[in-house]
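In case you want the letters, here they are:
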Amino acid sequence: MATPILRVHNLTVIYPGVHPVKALDNVNLEIYPGEFVVVAGVSGSGKSTLLRAINRLAENDHARIEGEIYFDGINVLKASRRQLREIRSHIGFIFQEYNVVERLPVLTNTLVGSLAQVGFLRSLLGRFPKEQIERAHRALVRVGIPQHRHGDRAARLSGGQKQRVGIARALLQRPKLILADEPVASLDPITANVVMNIFKKINEDEGITTIVNLHDPVLTFKYGKRIIGLKGGRIIYDKPISAINRETFEEDIYGTVDGEG
Ligand SMILES: Nc1ncnc2c1ncn2[C@@H]1O[C@H](COP(=O)(O)OP(=O)(O)OP(=O)(O)O)[C@@H](O)[C@H]1O
Ligand SMILES: [Mg+2]
């Protein structure tokens, strides 16, 4: 059997405070290269915390993280600053709220994805190598942003277009893993499907391992090739799509309507 690209072992994440919150409770999971996984669950089930623990963003919220996470064989929670930079350079992270710099052009926003390759100083000076600039144009066209929009400020784009820029920026990293936290939650249903199809196609064409958090059961069932259900910080469901019973899937993951979720 192949080696997992990501292995999470007994992961517990606690947000401290007067009333500490155990956002993840003893989570175990293995993700294999090329998988397309949807993490599903109601609001507060721990989806964001899981993705944010994987690249150690959760530490920004002073979360206490216990257990082990191995990415590509590296012990993430024990990584040095240099190793962490290396790990993050291989992980494309996509946020619900797009995270584009509104006043900068679409192309520059995309080029940010090549920072690790180009170097920070050079990028500050706007001296991106020609090859990276061409890659950025190609990545943008690939996600459906036509050439004539690449010079526009990001502020002029629609939500769906901003999210495409976020994906193009992640692609520029040549990521081994894409983590997307509710990437379509702010979009209308049609645009949400367009964006989900971009993730699907990238995964199928390039084999980039992808984990997407979704709260919408319809999108979860439609796009997930493996679905992991979280509830109260625990994994309560983990199945390949071929083994999922469409009739009971919603209730299995989200509980009955009168349940607290
Ligand atoms: N920065 C934080 N400080 C304290 N508690 C937090 C913090 N972030 C999340 N939590 C708590 O941790 C739990 C899990 O939150 P998380 O954001 O991971 O859930 P989620 O499944 O992503 O929810 P949503 O669908 O609303 O985005 C919740 O109880 C939440 O209130
Ligand atoms: Mg969330």
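Fair warning: this is a prediction, and the values are worked out from it, not measured in the lab.

Caption draft 1: The sheet that holds strand 1 (residues 6–15), seen in detail. Pairing is antiparallel in the open sheet, where 4 strands are placed in the order 2-1-4-5. The open sheet has two free edges, formed respectively by strand 2 (21–31) and strand 5 (74–75), since each of these has just one partner strand. Across 7 bridges, the pairing between strand 1 and strand 2 is antiparallel. Its bridge partner lying in strand 2, Leu11 is registered against Val27. Against the sheet, helix 1 (residues 47–54) engages strand 1, strand 2 and strand 4 (64–71), with an angle of about 115 degrees to strand 1.

Caption draft 2: Summary view of the site of ligand 1. Around ligand 1 sit 13 residues, and of these Ser43, Gly44, Lys47, Ser48 and Thr49 come closest. Between Lys47 and ligand 1, the recorded distance is 2.8 Å, taken from a side-chain N or O atom to an oxygen atom. In this structure, Glu182 approaches ligand 1 through a side-chain N or O atom, which is 3.4 Å from an oxygen atom. Burial of ligand 1 by the protein chains amounts to 63% of its free accessible area of 630 Å². Every element with two or more residues in the shell around ligand 1 is listed here: strand 2 and helix 1. Looking at the shell around ligand 1, the element that brings in the most residues is helix 1, giving 3 residues. Here the residues of the shell around ligand 1 sort into 4 nonpolar, 6 polar and 3 charged.

Conventions and cut-offs
Residues numbered from 1 in each chain as written. Chains lettered and ligands numbered in written order. Predicted model: local features only at pLDDT ≥ 70, side-chain atom pairs only at ≥ 80, totals over all residues. Heavy atoms only, no water. Pairing = 2+ DSSP bridges. Helix = DSSP H or I, 4+ residues; strand = E, 2+ residues; numbered from the N terminus. Contact = heavy atoms within 4.5 Å. Axes fitted to C-alpha atoms, helices over the stretch in contact; angles between N-to-C directions. Near = heavy atom within 4 Å. Polar contact = N/O pair within 3.5 Å; in protein donor to acceptor, adjacent residues only side chain to side chain. Areas by Shrake-Rupley, 256 points an atom, 1.4 Å probe, with all protein chains shown as cover. Nonpolar A, V, L, I, M, F, W, Y, C, P; charged D, E, K, R; others polar.

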